[in-house]
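Breakdown of the fold
The residues making up each chain are set out below.
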Amino acid sequence: MIAIFKQPPKEIIIPFDGVLTKISIKNGAIVSRGNELVTLVNPKDICGALKVSGENISKVKEGQGVIIKKEYYSTYSMAGKIEEISMISEEDSSSEGEGKDYFKVRAKLAQPIGGELINKVIYGEIILKEKSDAITVDFEAIRYEEDGSPYVFLYKEGKAKKQKIGIGLKGEECVEIIEGVNLQDKIIIQEDLPLIDGQRIKVQDKSE
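An account of the accompanying structure is given in this report. (Residues numbered from 1 in each chain as written. Predicted model: local features only at pLDDT ≥ 70, side-chain atom pairs only at ≥ 80, totals over all residues. Heavy atoms only, no water.)

Turning our eyes to something else, we now look at the sheet that holds strand 12 (residues 159-164). One open sheet holds the three strands; their spatial order is 10-11-12, and the pairing between them is antiparallel. Two strands lie at the open edges of the sheet, namely strand 10 (143-144) and strand 12, each paired on one side alone. Where strand 10 meets strand 11 (residues 150-156), two bridges bridge the pair, whose relative direction is antiparallel. Counterpart to Tyr144 in the pairing with strand 11 is Pro150. (Pairing = 2+ DSSP bridges. Helix = DSSP H or I, 4+ residues; strand = E, 2+ residues; numbered from the N terminus.)

This part covers the packing of aromatic side chains. By the definition in use, this model includes one aromatic pair. Centroid distance Tyr151 to Phe153: 5.8 Å. Interplanar angle 85°. Geometry classified as edge-to-face. The pair formed by Tyr151 and Phe153 is uniform in burial state, with each residue classed as buried. Seen from the ring of Tyr102, Lys51 lies directly overhead, with NZ or CZ sitting 4.8 Å from the centre. Above the face of the Tyr151 ring, Lys162 is positioned so that its terminal group lies 4.5 Å from the ring centre. (Phe/Tyr/Trp six-rings, centres within 6.5 Å; stacked < 30°, edge-to-face > 60°. Buried < 20%, exposed > 50% of the residue type's maximum accessible area, 1.4 Å probe, protein only. Lys NZ or Arg CZ within 6 Å of the ring centre and 35° of its normal.)

The next subject is the pairing of strand 11. The side chains of a regular strand alternate between the sheet's two faces. In terms of burial, strand 11 is largely enclosed, as five of its seven residues are buried. Following strand 10, the chain reverses through five residues before pairing antiparallel with strand 11; Gly148 in that reversal takes a positive phi of roughly 90°. Bridge count between strand 11 and strand 12: six bridges; the pairing is antiparallel. Bridging across to strand 12, Lys156 finds its partner in Lys159. Hairpin connection of strand 11 to strand 12: two residues between the antiparallel strands, including Glu157 at a positive phi of 50°.

Time to look at the nonpolar core. Formed by 14 residues in total, the largest nonpolar core has its most connected members in Leu50, Ile57, Val66, Ile68, Ile82, Ile85 and Val105. Elements with a contribution of two residues or more to this core: strand 3 (47-53), strand 4 (65-69), strand 5 (78-85) and strand 7 (101-109). In terms of residue count, strand 7 provides more of this core than any other element does, four residues in total. Here Val66 is in contact with Leu50, Met78, Ala79, Gly80, Lys81, Ile82, Ala107, Glu125, Ile126 and Ile127, once residues within four sequence places are set aside. (Core = buried A, V, L, I, M, F, W, Y, C linked by side-chain atoms within 4.5 Å. Contact = heavy atoms within 4.5 Å.)

With that settled, consider the sheet that holds strand 13 (residues 166-170). Strand order across the open sheet formed by three strands is 9-14-13, with antiparallel pairing between neighbours. Each edge of the open sheet carries a strand with a single partner, namely strand 9 (135-138) and strand 13. Geometrically, the sheet is characterised by an average inter-axis angle of 40° between neighbouring strands, direction not taken into account. Relative to strand 14 (residues 174-179), strand 13 is paired through three bridges, and the arrangement is antiparallel. Bridging from a neighbouring strand, Lys170 pairs with Val175 of strand 14. (Axes fitted to C-alpha atoms, helices over the stretch in contact; angles between N-to-C directions.)

Opposite charge on two side chains allows them to pair when their charged atoms are near. By the definition in use, this model includes four salt bridges. For the salt bridge of Glu84 with Arg106, the shortest nitrogen-to-oxygen distance reads 3.3 Å. Placement of the pair is Glu84 in strand 5 and Arg106 in strand 7, with a sequence separation of 22 residues. According to the relative accessible area criterion, Glu84 is partly exposed, its value standing at 40%. (Salt bridge = Lys/Arg side-chain N within 4 Å of Asp/Glu carboxyl O.)

So this is what it looks like as structure tokens:
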């Protein structure tokens, strides 16, 4: 007769609070020393891996600020900093960037996050330059003369007034205006229809 002695379950203590991302064993299973039981991630050590195109990688440096988003158009974002830049070019096989080369950039988040972002697709905006009190407008508001000079239309006393401007820093969706416009001016954004200097304008209420 073989006597089998059941050992009481042993408590596993991990020296940090983390997020459980994987369970490698089933309840009641017998495991040997060294077997992987679970995968626990420390939220303080979570990093985001971003893809930077080959044409833009020269603009990226370690220590630059990053804005991380769960969705591209999300208003909620998290701050971070670039920790490491890969020097190995890889080919993008996704539907959006197929055939283009990119470099992996690792960004450390400034604050711990929950498990909702672990192993998920994220979007990042790398801050190349920062400027306070800048006047910015959407790209759709900028128009150009035949010689390439930029201008906008301002709303003045019910009419459109053509105003030449100077352009500074450019972002993903907006551009900085460094001259020709002040904070009190109202810039007209009208994508589809052409405007004429002196044309009467009716302001549409966004709530309509």
